[in-house]
Amino acid sequence: MLKLTKRTEYGLIALTHLAKRQGEVVPAREIGEQFPVPKRLLAEVLKDLGHAGLVESTRGARGGYALTRSPESISLAEVVSALEGAPQVSGCSDLGMARRDGECDVQAVCPIRSPLHRLKDRIWSLLDSTTLGSIAGGGATGPLTASAAHLDPQHR
């Protein structure tokens, strides 16, 4: 159903590592050695996180990456947005219902459009209220775990 891309997963892994080493400059090599992620993709992800202002890079022999803000002030929505854009819950084009001009053939009478938009808004709100600090701490606390049951159909 809803799945983060590998880019975002690797970005969250790198950011979590940086959060645990807050205040230090951490070489990308160290992150790549600690976690089995493709080094080239990790470098691209760190570069994109830098462009988004979430990490800063330092060049040189003692170079690497560091968070630009505290982990508690970085939301998962910022990370997802930086690496893959806003989440999409549905896509008429995926169902073969889109016309060539990008408009959906059933848009005017679609019974699921509004409920799915509300679901997307709730998911985005959940990501926005969950911080890097809450996942880097390793505990099962914070908005993500407290609200996740509301999104799980098994808990209804």
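Here is a short report on the structure shown in this document. (Residues numbered from 1 in each chain as written. Predicted model: local features only at pLDDT ≥ 70, side-chain atom pairs only at ≥ 80, totals over all residues. Heavy atoms only, no water.)

Some thoughts on the overall build of the protein chain
- When you go through the protein chain residue by residue, the secondary structure sums to seven helices and two strands.
- Helices and strands appear in the protein chain in the N-to-C order α-α-α-β-β-α-α-α-α.
- When the 156 residues of the protein chain are sorted by exposure, 28% land in the buried category.
- Pairs at least 24 residues apart make up 66% of the contacts formed inside the protein chain by residues separated by at least 6 positions.
- With the model as given, the accessible surface of the protein chain reaches about 9,900 Å², and the carbon-plus-sulfur share is 51%. (Helix = DSSP H or I, 4+ residues; strand = E, 2+ residues; numbered from the N terminus. Buried < 20%, exposed > 50% of the residue type's maximum accessible area, 1.4 Å probe, protein only. Contact = heavy atoms within 4.5 Å. Areas by Shrake-Rupley, 256 points an atom, 1.4 Å probe, with all protein chains shown as cover.)

Here's the deal with the packing of helix α4 (residues 76-84) against helix α5 (residues 113-129)
- Contact geometry for α4 and α5: axes closest at 5 Å, N-to-C directions at 110°. Judged by the angle between their axes, α4 and α5 are roughly perpendicular. Residues Leu 76, Ala 77, Val 80 and Ser 81 of α4 pack against Trp 124, Leu 127 and Asp 128 of α5.
- Here the contact of α4 with α5 is built from residues that sort into five nonpolar, one polar and one charged. (Axes fitted to C-alpha atoms, helices over the stretch in contact; angles between N-to-C directions. Parallel < 35°, antiparallel > 145°, perpendicular 65-115°, else oblique. Nonpolar A, V, L, I, M, F, W, Y, C, P; charged D, E, K, R; others polar.)

Quick notes on the nonpolar core
- Counting residues in each nonpolar core, the largest one holds 27 residues, and the members touching the most others are Leu 15, Leu 18, Leu 49, Val 55, Leu 67 and Val 79.
- Residue assignment for this core shows that the elements contributing at least two residues are α1 (6-20), α3 (39-51), β2 (64-67), α4, α5 and α6 (132-136).
- In contact with Leu 18, not counting residues within four places along its chain, are Val 26, Ile 31, Val 55, Tyr 65 and Leu 67. (Core = buried A, V, L, I, M, F, W, Y, C linked by side-chain atoms within 4.5 Å.)

A few points about the environment of Gly 137
- As for its position among the elements, Gly 137 is in the loop between α6 and α7 (143-151).
- Exposure remark for Gly 137: the relative accessible area of 64% places this residue in the exposed category.
- As for Gly 137 and Ala 19, which are separated by 118 residues in sequence, their C-alpha atoms are 8.8 Å apart.

Some words on α1
- Look at α1: 21 Å from first C-alpha to last across 15 residues, which is about the 21 Å you get at 1.5 Å a residue.
- Burial in α1 covers these residues: Thr 8, Tyr 10, Gly 11, Leu 12, Ala 14, Leu 15, Thr 16, His 17, Leu 18 and Ala 19.
- Where α1 is buried, its residues touch α2 (28-34), α3, β1 (55-58), β2, α4 and α6. (Expected span 1.5 Å × (residues − 1).)

Re α5
- Between its terminal C-alpha atoms α5 stretches 24 Å, which fits the 24 Å expected from 17 residues at 1.5 Å a residue.
- Among all positions of α5, only Ile 123, Leu 126 and Leu 127 are buried. In an axial view of α5, the angular spread of the buried residues amounts to 100°, which keeps them on one side of the axis. (Arc of directions from axis to C-beta.)

Everything listed here is a matter of geometry and, on its own, says nothing about what the molecule does.
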